[in-house]
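What follows is each chain in one-letter form.
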Amino acid sequence: MLQEAEITVIGSGLVGLSLTIDLIKQGYKVTLIGQPSPELPNPANRVVALNLSSKEFLTALGAWQNLENQGVTPYYSMKVWEKDQAGYLEFKNTDVNQEVLGYNVVNSYLEKALWKTIELLNPQDFTYIESKVSQYQKLQGKHFVSLENGEQVISTFLVAADGGNSFIRKALNIGVNRNEYSQTAITCVLELPEDHNNTCYQSFHKNGILAYLPLSNSKQVSIVWSLNNDIADIALNFDADEFCQQVYTCFHKGLGVPKLISKPTAFPLAKQYAQEIVDDNLAIIGDAAHTIHPLAGQGVNLGFADVWTLADLIREYYRRNLGLDKNKLAQWARSRKTKAVMLSEGMFLIKNLYCNDNKALTFIRNQALSFANKQDFIKTKLINFALGFNEDKYSLASYNHELDLDKQKENSLGVNQELKNTLEQLPNLASKLLNSFFKK
Ligand SMILES: Cc1cc2nc3c(=O)[nH]c(=O)nc-3n(C[C@H](O)[C@H](O)[C@H](O)COP(=O)(O)OP(=O)(O)OC[C@H]3O[C@@H](n4cnc5c(N)ncnc54)[C@H](O)[C@@H]3O)c2cc1C
């Protein structure tokens, strides 16, 4: 059967679902093609730390309200350190006059809330097809997809939100810049003898990075333990006691020996970004466009920013019946790519800087953390980054009004200026760091 849609979204993960809601609200005839997410030993084995911009965006969509506080845990501070070293970096909500620093949200609950939002909208012109795209073609300027269940869909605009292994990206012969981190993320739920105090903790050690993400039970955390692949294989075969003992050792800063609540799950990690993310009337967003190390907790935050910026463009151009050819999408693509490259390269650098046991580097890293912790300027920059208060800050005001193209141009120039300012400040920061280092 051949179906027609104005816009087809491929992929029903967090990114594809949120764009679908936005497009339904804009009044488009939307077809969403996707599959249910795989079951996990415990829903909280997969948690995302969402920044305040993402929360605002999900609230404007009407999805945050549908979470009904289920699987949502606010956190008020973050603490980062290196195992066996005294230096640390700590951020608090009070440092930036915010009520919270962010929220840990269970992926599957957020997915359910997004589905409920669609249901409540009761859209007449929406079709969901539970299947997989197996073929893509461009026919007379339209996008034509064949699905594994035998159905076919033709549409004017197509969005690929089909994850890191994107079928559409490959069908378009778009290459990726990819580096293996050679790490696997192990996730599970642990119970601590002590309260987590609604703090996110992250410990760097030579074989990896261990994050504790607080859950609504004041003693339970969801962990993301990124380990070099060979060590991850060993860790996945530990019995529960050995696993918890090793976690406790790598965590290094207390909270007691944890108890394993759910069977660990493994996710291979890679840094990857697509060389192109647009074509005529086509855009690639979310993990299909970029995957980054979970150490920054920014992957889906970046994906949601793809969504609201793309939705703004679609709103602007299609309302005026202009269509969005590759040229019109180019500026959006440039600004999204700059963001993704900065984040993924930054995380790659941090991972390589920390996951080794070079003695000189250990000393410098420790000094750098202590130094950064005392510098309000650096701390504010880092907190603003973590909060999502950078050039992509989601603003309800701008979202609810037509996006003026000149303003968009200004925003994009702002990105470059911000990047330029940060780069210009680097030598200054480096010399301050070295001065403080040699004075000791
Ligand atoms: C361990 C771990 C921890 C993380 N922690 C954080 C965090 O704290 N904060 C944060 O912001 N990010 C985090 N991330 C990243 C975040 O989880 C991802 O960026 C986000 O889930 C990506 O969503 P997506 O919708 O783009 O892709 P996906 O979730 O991969 O969804 C893609 C969808 O497309 C479907 N699909 C694939 N191929 C086809 C096809 N051919 N046809 C139809 N459908 C198809 C799939 O079935 C899937 O439903 C973490 C990632 C990991 C691995």
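Since this is a predicted model, take the numbers as computed values, not measurements. (Residues numbered from 1 in each chain as written. Predicted model: local features only at pLDDT ≥ 70, side-chain atom pairs only at ≥ 80, totals over all residues.)

1. A look at the overall build of the protein chain
Argument step 1. Along the protein chain, the regular secondary structure elements total 12 helices and 20 strands.
Argument step 2. Relative to its full complement of 440 residues, the protein chain shows a buried share of 41%. (Helix = DSSP H or I, 4+ residues; strand = E, 2+ residues; numbered from the N terminus. Buried ≥ 20, exposed ≤ 12 C-beta atoms within 10 Å, placed from the backbone.)

2. What to know about helix α2 (residues 52-61)
Think of an α-helix as 3.6 residues a turn; residues three or four steps apart then line up on the same face.
Argument step 1. Here α2 lies mainly inside the structure; 7 of its 10 residues are buried.
Argument step 2. Listed as buried for α2 are Leu-52, Ser-53, Ser-54, Lys-55, Phe-57, Leu-58 and Leu-61.
Argument step 3. Directly beyond the C-terminal end of α2, a positive phi value near 95° is found at Gly-62.

3. Brief notes about the site of the ligand
Argument step 1. Taken together, 32 residues sit near the ligand, with Gly-11, Gly-13, Gly-163, Gly-286 and Gly-299 positioned nearest.
Argument step 2. Mapped by element, the contributors of at least two residues to the shell around the ligand are α1 (14-25), β2 (30-34), β3 (47-50), β12 (176-191) and α7 (299-319).
Argument step 3. If one sorts the elements of the shell around the ligand by residue count, α7 sits on top with 4 residues. (Near = placed C-beta within 6 Å.)

4. Examining unusual backbone geometry
Argument step 1. Positive phi, normally seen in glycine, also occurs at Asn-69, with a value near 65°.
Argument step 2. Tracing the chain through its elements places Asn-69 in the loop between α2 and β4 (72-75).
Argument step 3. Among the residues examined, Asn-69 registers 9 C-beta atoms within 10 Å and is labelled exposed.

5. Quick look at the packing of α1 against α7
Argument step 1. It is at 9 Å that the axes of α1 and α7 come closest, and there the two elements cross at 25°. As the angle between them shows, α1 and α7 are arranged roughly parallel. α7 is crossed by α1, and the crossing has right-handed handedness. Two secondary-structure elements touch here, α1 through Leu-14, Val-15, Ser-18, Leu-19, Asp-22 and Leu-23 and α7 through Val-300, Gly-303, Phe-304, Asp-306, Val-307 and Ala-311.
Argument step 2. When its residues are assigned to classes, the contact of α1 with α7 shows 8 nonpolar, 2 polar and 2 charged. (Axes fitted to C-alpha atoms, helices over the stretch in contact; angles between N-to-C directions. Parallel < 35°, antiparallel > 145°, perpendicular 65-115°, else oblique. Left-handed = near helix turned anticlockwise from the far one by under 90°. Contact = placed C-beta atoms within 7 Å. Nonpolar A, V, L, I, M, F, W, Y, C, P; charged D, E, K, R; others polar.)

6. Regarding the environment of Asn-45
Argument step 1. Relative to the helices and strands, Asn-45 is located in the loop between β2 and β3.
Argument step 2. Exposure remark for Asn-45: the 23 C-beta atoms within 10 Å place this residue in the buried category.
Argument step 3. C-alpha separation for the pair Asn-45 and Thr-187, spaced 142 residues apart in sequence, amounts to 5.4 Å.

7. What to know about the nonpolar core
Argument step 1. With 104 residues, the main nonpolar core has Val-159, Ile-223 and Ile-285 as its most contacted residues.
Argument step 2. When residues of this core are assigned to their parent elements, the largest contribution, 10 residues, is made by α7.
Argument step 3. Contact partners of Ile-223, with chain neighbours within four places excluded, come to Thr-187, Cys-188, Leu-190, Leu-210, Ala-211, Tyr-212 and Val-247. (Core = buried A, V, L, I, M, F, W, Y, C linked by C-beta atoms within 7 Å.)

8. What to know about the pairing of strand β15 (residues 220-228)
A regular strand places its side chains so that they alternate between the two faces of the sheet.
Argument step 1. Buried residues dominate β15, accounting for 8 of its 9 residues.
Argument step 2. Linking two consecutive strands that pair antiparallel, namely strand β14 (residues 208-214) and β15, is a turn of 5 residues. (Pairing = 2+ DSSP bridges.)

9. Remarks on α1
Argument step 1. With 12 residues, α1 ought to run about 16 Å at 1.5 Å a step, and its terminal C-alpha atoms sit 17 Å apart, in line with that.
Argument step 2. Counting buried residues in α1 gives 11 out of 12 residues, a clear majority hidden from the surface.
Argument step 3. Listing the buried residues of α1 in full gives Leu-14, Val-15, Gly-16, Leu-17, Ser-18, Leu-19, Thr-20, Ile-21, Asp-22, Leu-23 and Ile-24.
Argument step 4. Gly-27 occupies a position one or two residues after α1 and carries a positive phi of about 95°. (Expected span 1.5 Å × (residues − 1).)

10. Overview of the sheet that holds strand β7 (residues 102-106)
Argument step 1. Spatial strand order, β3-β7-β4: 3 strands in an open sheet with antiparallel pairing. Two strands lie at the open edges of the sheet, namely β3 and β4, each paired on one side alone. Between one strand and the next, the sheet's axes are offset by a mean angle of 25°, whatever the strand orientation.
Argument step 2. Looking at chain direction, β3 and β7 are connected through 4 bridges and run antiparallel. Its bridge partner being in β7, Ala-49 is matched across the sheet by Asn-104.

11. Some details on the confidence of the model for the protein chain
Detailed reading of predicted coordinates is not advised where the pLDDT is low.
Argument step 1. Here the protein chain averages 84 in pLDDT, while 77% of its residues score no lower than 70.
Argument step 2. Predicted confidence for residues 396-420 stays below pLDDT 50, and this span has 23 contacts to residues more than four positions away or in other chains.
Argument step 3. In the predicted structure, residues 436-440 sits below a pLDDT of 50 and forms 2 contacts with residues beyond four places in sequence or in another chain. (pLDDT = per-residue confidence, 0-100.)

12. Brief notes about the packing of α1 against helix α3 (residues 107-121)
Argument step 1. Two elements in contact, α1 and α3, have axes whose closest approach is 10 Å; the angle formed by their N-to-C orientations is 20°. As far as their axial angle goes, α3 and α1 are roughly parallel. At the point where α1 passes α3, the crossing takes the left-handed sense. Of the residues in α3, those in contact with Leu-14, Leu-17, Ser-18, Thr-20, Ile-21, Ile-24 and Lys-25 of α1 are Asn-107, Leu-110, Glu-111, Leu-114, Trp-115, Thr-117, Ile-118 and Leu-121.
Argument step 2. By residue class, the composition of the contact of α1 with α3 is 9 nonpolar, 4 polar and 2 charged.

13. Structural notes on the environment of Ser-37
Argument step 1. By secondary structure assignment, the location of Ser-37 is in the loop between β2 and β3.
Argument step 2. Distance from Ser-37 to Asn-107, taken between C-alpha atoms, is 9.7 Å for residues 70 residues apart in sequence.
Argument step 3. Look past the residues within four positions of Ser-37 in its chain and what remains in contact with it is Ser-108 and Glu-111.

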